[in-house]
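Summary of structural features
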Amino acid sequence: AIVGEAELLARVQAQPQMKGANLCEEVATKEAYVVPAIGEKRFTVAAIDLGIKGMTPHRMAERGIEVHVLPATATVEDVYAVEPDGVFFSNGPGDPETADHPVAVMRAVLERGTPLFGICFGQQILGRALGFGTYKLKYGHRGINQPVQDRTTGKVEVTAHNHGFAVDAPLDKVSETPFGRVEVSHVCLNDGVVEGLRLLDRPAFSVQYHPEAAAGPHDAAYLFDRFASLMEPAHG
C-alpha cells in the first residue's frame, strides 16, 4: 500500500531524535569476547564496543592481532586487564555529547600513552577527549563513494561513510591540547568535514569513515596497518 504524506510525516516524527541520544550501550556486547589472531599472534588489542562491526576485529586479526572486544561500559581497569599493546574505540550510534564514560576511558588511555585508534564514533570520542566539540551534520554522510583526502600523503581515497555527527576541529592549524599537538589528518572533499585526527606527540589517531567496509573500495584498509605500526615500538 502507498503511504500517504500525513502518515509518512507521523512515522518520521515518531522516530527518536539522534541529538542527545545515548545509544551505544544498547547495541554493544554485554560480555567480553576474543577474536583470535589469524596466523602468528603479533599484538593484543582491547577494543571498546560502541556498536562495532564484525569485520573490524577481523581486519585486525588478519594482521596478527588478538582482539579482546569489551562492552561499552568497560572501565580503564578492564581495558588494561588484557595487557593490551593497543586500544581501539569502535563506531556506533548516538550523540557523542552523551558518551561521557567512553570519553573518560579514552583520556585515561591517552594519559598512559598506549597506541590508540578510533573509527567513526571512536573519532568523535577522541575529539571530545582532546577538548574539541562535536556537532550534528545538517545532512549526514551516507554511502560508499565519499572522497576523503589523507593530508599526510595527499592521496584521495574513496571511502564508506555512515555518520550524522562530526568533530569541530580547525582544518588549517595544529591545535594544542592537554595531550599534546593534534592535527586534522583527513578531510572530506565534498564539504570540508573533519574526517581524521592525528596526535603528533602521542601514538593515537582516528578517522570518521569506515576502513573495514566491504561495500566498496578498500582504499582505507591501510589504516589497520598504520595502527599495527604504532604498536611495534611498544611491543618491542
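Residues numbered from 1 in each chain as written. Predicted model: local features only at pLDDT ≥ 70, side-chain atom pairs only at ≥ 80, totals over all residues. Heavy atoms only, no water.

**Quick look at the side chain of Thr-29**
Inspection of the secondary structure puts Thr-29 in the loop between helix H2 (24-27) and strand E1 (33-35). Given the relative accessible area of 18%, Thr-29 is considered buried. A polar contact of 2.7 Å, which involves the side chain of Thr-29, links it to the backbone oxygen of Glu-31. Not counting residues within four places of it along the chain, the set of residues in contact with Thr-29 comprises Asp-49, Val-69, Leu-70 and Pro-71. (Helix = DSSP H or I, 4+ residues; strand = E, 2+ residues; numbered from the N terminus. Buried < 20%, exposed > 50% of the residue type's maximum accessible area, 1.4 Å probe, protein only. Polar contact = N/O pair within 3.5 Å; in protein donor to acceptor, adjacent residues only side chain to side chain. Contact = heavy atoms within 4.5 Å.)

**Considering helix H5 (residues 100-112)**
Look at H5: 19 Å from first C-alpha to last across 13 residues, which is about the 18 Å you get at 1.5 Å a residue. Considered for burial, the residues of H5 that qualify are Pro-102, Val-103, Val-105, Met-106, Val-109 and Leu-110. The arc enclosing the buried residues of H5, seen along the axis, measures out at 165 degrees, which places them on a common side. Counted as exposed and oriented over 90 degrees from the buried face of H5: Glu-111 and Arg-112. At the C-terminal side of H5, Gly-113 shows a positive phi close to 75 degrees. (Expected span 1.5 Å × (residues − 1). Arc of directions from axis to C-beta.)

**Considerations on helix H6 (residues 121-130)**
The buried count for H6 comes to 10 of 10 residues, which makes it a mostly enclosed element. For H6, the full list of buried residues reads Phe-121, Gly-122, Gln-123, Gln-124, Ile-125, Leu-126, Gly-127, Arg-128, Ala-129 and Leu-130. With its phi angle positive at about 105 degrees, Gly-131 sits one or two positions after the end of H6.

**Quick look at the confidence of the model for the protein**
On average, the protein scores 87 in pLDDT, and the residues at 70 or more come to 88%. Here residues 11-15 is a poorly scored stretch, pLDDT under 50, and it has 1 contact once near neighbours within four places are set aside; other chains count. (pLDDT = per-residue confidence, 0-100.)

**Considerations on the pairing of strand E9 (residues 180-188)**
Of all the 9 residues making up E9, 8 are buried; the element is thus mostly covered by neighbouring parts of the structure. Across 3 bridges, strand E8 (residues 175-177) lies against E9 in antiparallel orientation. Residue Glu-176 lies in a different strand from E9, and its bridge partner there is Arg-181. A loop of 2 residues connects E8 with E9, the two strands running antiparallel in sequence. Across 5 bridges, the pairing between E9 and strand E10 (residues 194-199) is antiparallel. (Pairing = 2+ DSSP bridges.)

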